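Analysis of the macromolecular model
Here is what each chain is made of, one letter per residue.
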Amino acid sequence: DVVMTQSPLSLPVTLGQPASISCRSSQSLVHFDGNTYLNWFQQRPGQSPRRLIYKISIRDSGVPDRFSGSGSGTDFTLKISRVEAEDVGVYFCMQATHWPRTFGQGTKVEIK
Amino acid sequence: EVQLVESGGGLVQPGGSLRLSCSASGFTVSAYDMFWVRQAPGKRLEYVSVIATDGGKTYYADSVKGRFTLSRDNSKNTVYLQMSSLRPEDTAVYFCVKDSGFSFDYWGQGTLVTVSS
């Protein structure tokens, strides 16, 4: 199975400051159809996961534009340009290029 | 509005059985691949099983193959995960998830399964 490795696992951030989460895969996530199926999810305390980004960088409807995704191949990043209080939670990446789908360990974002 | 509501979790002894239900609204379950994903305490999320639109074919993680059975009732727009021969390592929050083509676009709230004597 493809191993997804996130870093850091804990990310204390000052309100209004940027945050960045890395997600690396043990093999390339480029599908034979040419797409890269790398997703990012947010799980706020006490809530279900919510998809933020799919195919590396496409934001879901309603997701603030302070969230952005980038990367290619095996190396991906989720950035929050200016962290707000509502961004507290756990963020995890998921690859859907290879079977079975696999997840990163999760990164806990908290306010300093 | 799409909603997924899981039920059926609880405390069960090792070797016991449970049936989880996932009731969907806002879309038709037979038109999408439907997954179950679980998260054990302190562990990352893990794929458990999927029921495909393609004739309702089912697939399972090696860790549950032969013990879990996934099915769908189109008339009730509900997906079921029958779990048997449960082990302590099956203890987890189980999420029902709607597929959107190489992604998950909606998750249920999760239901906790605890396997312990």
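Shown above is the structure to which this text applies.
My aim in this report is to walk through the structure given alongside it, one point at a time.

As a further point, take the interface of chain B and chain A. Taken together, the contact between chain B and chain A spans 19 residues of the former and 19 residues of the latter. Around 1600 Å² of area is buried between chain B and chain A when both sides are counted, 60% of it from carbon and sulfur atoms. Sorting the residues of chain B by area buried against chain A places B:Arg44, B:Phe102 and B:Trp107 first, and these three jointly supply 43% of that buried surface. Of the charged contacts, one joins B:Asp99 and A:Arg101 as a salt bridge, the two residues approaching to 2.6 Å between their closest N and O atoms. Across the contact surface, chain B and chain A share 9 residue pairs in polar contact (both at pLDDT 80 or more). Those elements giving two or more residues to the side of chain B that touches chain A turn out to be strand E4 (34-39), strand E5 (45-51), strand E9 (92-99) and strand E10 (104-107) of chain B. It is E5(B) that contributes the most residues to the side of chain B that touches chain A, 4 residues altogether. Residues that form the side of chain B that touches chain A fall into these classes: 10 nonpolar, 5 polar and 4 charged.

Residues and elements named next belong to chain A. Along the chain, the position of Thr 5 falls in strand E1 (residues 4-7). You can call Thr 5 partly exposed: its relative accessible area is 41%. On a C-alpha basis, the gap between Thr 5 and Gln 27 in space is 11 Å, while along the polypeptide they are 22 residues apart.

The subject of this paragraph is the side chain of A:His31. Within the secondary structure, A:His31 sits in the loop between strand E3 (19-25) and strand E4 (38-43). Residues within four places of A:His31 in sequence aside, it is in contact with A:Tyr37, A:Thr97 and B:Phe102.

So, on to the packing of aromatic side chains. Enumeration over the complete set of coordinates arrives at 15 aromatic pairs over all chains. Ring geometry for A:Phe103 and B:Trp107: centres 6.4 Å apart, planes at 65°, overall edge-to-face. One end of the pair, A:Phe103, is in strand E10 (residues 102-103); the other, B:Trp107, is in strand E10, on a second chain. Residue class for A:Phe103 comes out buried when judged on its relative accessible area of 2%. A relative accessible area of 8% means that B:Trp107 is categorised as buried. The cationic tip of B:Lys98 hangs over the ring face of B:Tyr32; the distance from NZ or CZ to the ring centre is 3.9 Å.

Residue and element names in this part refer to chain A. Strand order in the open sheet formed by 4 strands is E1-E3-E8-E7, and the pairing between neighbours is antiparallel. Because the sheet does not close on itself, it has two edges, and the strands there are E1 and strand E7 (67-72). This sheet shows a mean twist of 20° between the axes of neighbouring strands, independent of strand direction. Across 6 bridges, the pairing between E3 and strand E8 (residues 75-80) is antiparallel. Along E8, the bridge assignment pairs Ser 22 with Thr 77.

Next up on the list: the environment of A:Leu9. Note on placement: A:Leu9 falls in the loop between E1 and strand E2 (10-13). For the pair A:Leu9 and A:Thr102, spaced 93 residues apart in sequence, the C-alpha separation works out to 17 Å.

Conventions and cut-offs
Residues numbered from 1 in each chain as written. Chains lettered and ligands numbered in written order. Predicted model: local features only at pLDDT ≥ 70, side-chain atom pairs only at ≥ 80, totals over all residues. Heavy atoms only, no water. Contact = heavy atoms within 4.5 Å. Buried area = accessible area lost by both parts, 1.4 Å probe. Salt bridge = Lys/Arg side-chain N within 4 Å of Asp/Glu carboxyl O. Polar contact = N/O pair within 3.5 Å; in protein donor to acceptor, adjacent residues only side chain to side chain. Helix = DSSP H or I, 4+ residues; strand = E, 2+ residues; numbered from the N terminus. Nonpolar A, V, L, I, M, F, W, Y, C, P; charged D, E, K, R; others polar. Buried < 20%, exposed > 50% of the residue type's maximum accessible area, 1.4 Å probe, protein only. Phe/Tyr/Trp six-rings, centres within 6.5 Å; stacked < 30°, edge-to-face > 60°. Lys NZ or Arg CZ within 6 Å of the ring centre and 35° of its normal. Pairing = 2+ DSSP bridges. Axes fitted to C-alpha atoms, helices over the stretch in contact; angles between N-to-C directions.

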